[in-house]
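Single-letter residue listing:
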Amino acid sequence: MNRNRTLALALTLGLGLTHLPTGPLAAQVGADPGHSPYHDIRHGNGWTFALGHLYGDGGPLRLSPNRGQTFAARYDIRLSGLLQGFAEMGYLKGERMLLNPDDSVVNRYTGPIDAPVWTPQIGMQINLSGPKTWHGVAPFLAFGLGAAVGGTQAQDTTRYQFGTKLLFKPSVGVRYYLGDRIHVRLEGTMYYWKMKYPADWLSEPAAQPSVPGQPTTAPIASSNELSDWVPTPALRLGIGVAF
């Protein structure tokens, strides 16, 4: 008799468990993946085309290219969710001043004149959110290394030319994905190159030699200033297409 009662009680409990509501249990599994703020970046290789504005003041002697437009085309290769390599060809449609070292302090500057610079480079990008976006946004840091190749300005008769220089270019920005393959890229970047000036710019101009006891009127006050690293910031906006 006791055995029959135990069996009947077990059956009753089993039937009762099968009719328990499942909603609260399902809610404990987690958020619906379709409504998650995180989405995979499915494609990593592709092209980006960007344009922007170049800022800066030309450095201490105002001879470094600055203030103009920037254009760039780059190709990215995805190495992992965190890292991607890139190769970029950029063009800076900048300007700079002309300095006549033989003229007086007041009259030695003229211009500005056009100072275009090509910036081929390779680099690495660090994707701060890894292989995912958050609400479509993917922040990044990037570092480029290459060359800054300037043109020849016929207007400059002072024997100074920008020439070709080592280029270092750190960047920070975000990508906003419009879909799996298309994104908009907003980027702040800094162009670093080393300016070098003629040694005879240490001499004072005949038009205005310094008065004894007063600072020199030479374009460059000491040999320590014959070269300096000049930072030139830029802000760029681009469109990227991934494959």
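Refer to the preceding data block for the structure.
Quick look at the structure, then. This structure is a prediction, so every number in the text was calculated from the model and none was measured.

## Brief notes about the pattern of salt bridges
In total, this model carries seven salt bridges according to the counting rule given. Salt-bridge contacts for Lys 132 lead to Asp 40; the nearest nitrogen and oxygen are separated by 2.4 Å. With Lys 132 in strand β6 (residues 132–134) and Asp 40 in strand β1 (residues 38–40), the pair connects residues that are 92 residues apart, well separated along the chain.

## Looking at the side chain of Arg 175
Within the secondary structure, Arg 175 sits in strand β8 (residues 164–177). Here Arg 175 is buried and forms no salt bridge, its nearest opposite-charge partner Asp 76 lying at an N-O distance of 6.6 Å. A polar contact is formed between the side chain of Arg 175 and the side chain of Asn 127, at a distance of 2.9 Å.

## Topic: a nonpolar patch on the surface
Nonpolar side chains collect at one region of the surface, where Trp 47, Phe 49, Tyr 176, Leu 178, Ile 182, Ile 239, Val 241 and Phe 243 lie side by side and expose about 760 Å² of accessible area between them. Sorting the residues of the nonpolar patch by element identifies β2 (46–54) and β10 (227–242) as the ones contributing at least two each. Counting through the fold element by element, Ile 239 comes out in strand β10. The exposure class assigned to Ile 239 is partly exposed, which follows from its relative accessible area of 37%.

## Regarding the environment of Phe 162
Tracing the backbone shows Phe 162 in the loop between β7 (137–150) and β8. Owing to a relative accessible area of 4%, Phe 162 belongs among the buried residues under this scheme. Separated by 35 residues in sequence, Phe 162 and Tyr 197 place their C-alpha atoms 9.3 Å apart. The contacts of Phe 162, once residues within four sequence positions are left out, are Pro 65, Val 117, Ala 148, Gly 150, Trp 193 and Met 195.

Cut-off values and rules
Residues numbered from 1 in each chain as written. Predicted model: local features only at pLDDT ≥ 70, side-chain atom pairs only at ≥ 80, totals over all residues. Heavy atoms only, no water. Salt bridge = Lys/Arg side-chain N within 4 Å of Asp/Glu carboxyl O. Helix = DSSP H or I, 4+ residues; strand = E, 2+ residues; numbered from the N terminus. Buried < 20%, exposed > 50% of the residue type's maximum accessible area, 1.4 Å probe, protein only. Lys, Arg positive; Asp, Glu negative; His and termini not counted. Polar contact = N/O pair within 3.5 Å; in protein donor to acceptor, adjacent residues only side chain to side chain. Patch = residues over 30% accessible without salt bridge, like charges linked within 9 Å, V, L, I, M, F, W, Y side chains within 5 Å. Areas by Shrake-Rupley, 256 points an atom, 1.4 Å probe, with all protein chains shown as cover. Contact = heavy atoms within 4.5 Å.

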